[in-house]
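Close look at the chain arrangement
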Amino acid sequence: MSEGDVIGILHSDDLFCDENVVQDVMDRITSSEADICFSDLVIVDKSSNKIVRYYMAHYFRRWLFRCGWMPPHPTCFIKRELYERFGLYTTRFSVAGDFDFLVRVFFGADIKWAYLDRVTVKMHVGGISNSGFASKKTIANEISASLRDNNVWSLSFFQVVRYLIRLFEFVVKPRNMRCG
């Protein structure tokens, strides 16, 4: 339903960190001529506002999709033409629709992506993808299916790497936090 040239999706209780986020992202897209721009995200406790996890995107490489790791999707701003070319999120997956869309884009074309070095989104702890062992099993199965469907070679065992990255993200805190 969006009419803009660039689309960003902010989920129901996620927040932009400040009023400069959209302008900063658009400046980065313009200066880099990128098709997709993403940044860092913090996951906070809803009652205390304390950072629980720092989802860093600066080390993103396309091969990390093979481990089930992707840039933080709520920070992704994507040119409309990629949605027109690759379609929307699939409803086939209950948890990994965003992962599947990004796999289609990153492995379906030679796109140009840019990283914006700052935290742009604050997300609250919880959600379906982090709600117990059953959800972990579901997301692992959906990630494997998405990779298989999109002809991206991987082994299910590689998804262990995603959890090693997450452990690191629980320890490290952002150095420049403009997100209140």
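Structure first, text after, so check above.
None of the values given here were measured: they were computed from a predicted structure.

The next thing to look at is the overall build of the protein. Scanning the protein from terminus to terminus reveals five helices and six strands. Taken from N to C terminus, the helices and strands of the protein fall in the order β-β-α-β-β-β-α-α-β-α-α. For the protein, the C-alpha radius of gyration of 16 Å lies close to 16 Å, the compact-globule estimate for 180 residues. In the protein, buried positions account for 47% of the 180 residues. Excluding contacts between residues fewer than 6 apart, the proportion of contacts in the protein whose partners are at least 24 apart in sequence is 76%. Total accessible area on the protein stands at roughly 9700 Å², and carbon and sulfur atoms take up 56% of it. Taking the average place of the 23 positive charges on the side chains of the protein and the average place of its 21 negative ones, the gap between the two points comes to 8 Å.

What follows deals with the pairing of strand β4 (residues 51–55). Within β4, four of the five residues are buried, which leaves it mostly tucked inside the rest of the structure. Bridge count between strand β3 (residues 36–44) and β4: four bridges; the pairing is antiparallel. Among the inter-strand pairings, Ile43 is bridged to a residue of β4, identified as Arg53.

Before going further, it helps to spend a moment on the nonpolar core. Judged by nonpolar contacts, the single largest core of 37 residues is most densely connected at Ile36, Phe38, Phe65, Ile78, Phe99, Leu102 and Phe106. Listing elements by their share of this core, those giving two or more residues are β3, α2 (80–86), α3 (97–108), β6 (113–124) and α4 (133–149). Top element by residues in this core is α3. It accounts for six residues. Once you skip the residues sitting within four places of it in the chain, Phe106 turns out to touch Ile36, Phe38, Phe60, Arg62, Phe65, Ile111 and Trp113.

Attention shifts here to the environment of Phe77. By secondary structure assignment, the location of Phe77 is in strand β5 (residues 77–79). A residue is classified by how much of its surface remains accessible, and Phe77, at 7% relative accessible area, is buried. In this structure, the C-alpha to C-alpha distance between Phe77 and Val22, residues 55 residues apart in sequence, is 9.0 Å. Ignoring anything within four residues of it in the chain, the contact list for Phe77 reads Val6, Ile7, Gly8, Phe16, Val22, Val25, Ile29, Asp35, Ile36 and Cys37.

Let us look at empty space enclosed by the protein. The gaps of empty space that remain are located by a probe, the size of a water molecule, rolled over the atoms. The full count for this structure, using the stated rule, is one cavity of 30 Å³ or more. What the largest cavity holds in volume is close to 40 Å³. Around the largest cavity, the lining residues are Ile7, Gly8, Ile9, His73, Cys76, Ile78, Tyr83, Tyr89 and Leu102. Class assignment for the residues of the lining of the largest cavity results in seven nonpolar, two polar and no charged.

What counts and what doesn't
- Residues numbered from 1 in each chain as written.
- Predicted model: local features only at pLDDT ≥ 70, side-chain atom pairs only at ≥ 80, totals over all residues.
- Heavy atoms only, no water.
- Helix = DSSP H or I, 4+ residues; strand = E, 2+ residues; numbered from the N terminus.
- Rg over C-alpha atoms; globule rule 2.2 N^0.38 Å.
- Buried < 20%, exposed > 50% of the residue type's maximum accessible area, 1.4 Å probe, protein only.
- Contact = heavy atoms within 4.5 Å.
- Areas by Shrake-Rupley, 256 points an atom, 1.4 Å probe, with all protein chains shown as cover.
- Lys, Arg positive; Asp, Glu negative; His and termini not counted.
- Charge placed at Lys NZ, Arg CZ, Asp CG, Glu CD.
- Pairing = 2+ DSSP bridges.
- Core = buried A, V, L, I, M, F, W, Y, C linked by side-chain atoms within 4.5 Å.
- 1 Å grid on protein atoms, 1.4 Å probe; cavity = no way out; pocket = protein on both sides within 12 Å on 5 of 7 lines; lining within 4 Å.
- Points joined across faces, edges and corners; volume = space filled by probe spheres on them.
- Nonpolar A, V, L, I, M, F, W, Y, C, P; charged D, E, K, R; others polar.

Nothing here speaks to function; it is all geometry.
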